[in-house]
Amino acid sequence: VVINDVTGSNRAYRWTQAGGLSDIGDLGGGTAYASGISGDGTIIVGKSSLGPNELAFRWTQGSGMTSLGHLGGGGSEAHAISRDGLVVVGSSFTNTFDTIAFRWTQAGGMVGLGHLGGAFSVARAVSGDGEVVVRMAAHLPVLREAGFVLTIENADGVVVSAQEHVVAIAKP
């Protein structure tokens, strides 16, 4: 299974050997960009336009494209999905125009993961089981991006540890 805009038309496509190339649609604004796919290829995430905003989406063959919402600022973008398809991560604007990393599950919806003293954080990757999220954050007053890993220990809390220059994650 392969995803992304292969035609230059600002559309997200899904290709399978059995079905060939198919446009996965949009949220109503005419554009869609795929950025992640589950391990079995059945769930796709990304962003799609709706009115003046772009919103994070989750697509399945059965339900089509659905918005994951936002954290109050009108826009969001999904960057990655866990291998099992149950956890989506990305970034969303807040009502104070900050950009905050999020973690989304069907049970809990979109939950902001905060930032480390700045106004910017973005979740870029997630482990296969959805328990580890890799975020980038800009630290103020000097705009400097640093990678850090957020480990979700349980439904009651999180543990944050700064890890400079995180490039990839792996969890056995």
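Residues numbered from 1 in each chain as written. Predicted model: local features only at pLDDT ≥ 70, side-chain atom pairs only at ≥ 80, totals over all residues. Heavy atoms only, no water.

Q: Break down the environment of glycine 114 for me, citing the residues and quoting the values.
A: Inspection of the secondary structure assignment puts glycine 114 in the loop between strand E11 (109-112) and strand E12 (120-126). In this structure the C-alpha to C-alpha distance between glycine 114 and alanine 137, which are 23 residues apart in sequence, comes to 9.5 Å. When residues no more than four places from it in sequence are discounted, the contact partners of glycine 114 are Ile100, Ala101, Ser121 and Arg135. (Helix = DSSP H or I, 4+ residues; strand = E, 2+ residues; numbered from the N terminus. Contact = heavy atoms within 4.5 Å.)

Q: How would you sum up the sheet that holds strand E5 (residues 43-50)? Please name residues and give values.
A: One open sheet holds the 4 strands; their spatial order is E4-E5-E6-E7, and the pairing between them is antiparallel. Strands with a single pairing partner mark the edges of an open sheet, and in this sheet they are strand E4 (32-37) and strand E7 (64-69). Neighbour-to-neighbour, the strand axes of the sheet open up by a mean angle of 35°, direction not taken into account. As judged from the 5 bridges shared by E4 and E5, these two strands associate in the antiparallel manner. Across the sheet, residue isoleucine 37 finds its bridge partner in E5, namely isoleucine 44. (Pairing = 2+ DSSP bridges. Axes fitted to C-alpha atoms, helices over the stretch in contact; angles between N-to-C directions.)

Q: Could you give me a rundown of the pattern of salt bridges, with the residues and numbers involved?
A: Pairing between side chains of opposite charge can happen when their charged atoms approach one another. In this structure the tally under the stated criterion is 4 salt bridges. The partner of glutamate 54 in a salt bridge is lysine 47, with the nearest N and O atoms 3.2 Å apart. (Salt bridge = Lys/Arg side-chain N within 4 Å of Asp/Glu carboxyl O.)

Q: Kindly report on the pairing of E5, identifying the contributing residues and their values.
A: In terms of burial, E5 is a largely internal element, 7 of the 8 residues being buried. Taking the residues that link successive antiparallel strands as the turn, the E4-E5 hairpin has 5 residues, and the phi of glycine 41 there is positive, at about 80°. Note: E5 against strand E6 (residues 53-60), 8 bridges, orientation antiparallel. Pairing of serine 49 across the sheet is with glutamate 54, part of E6. Counting the residues between successive antiparallel strands, the hairpin from E5 to E6 contains 2 residues, one of them, glycine 51, with a positive phi of roughly 65°. (Buried < 20%, exposed > 50% of the residue type's maximum accessible area, 1.4 Å probe, protein only.)

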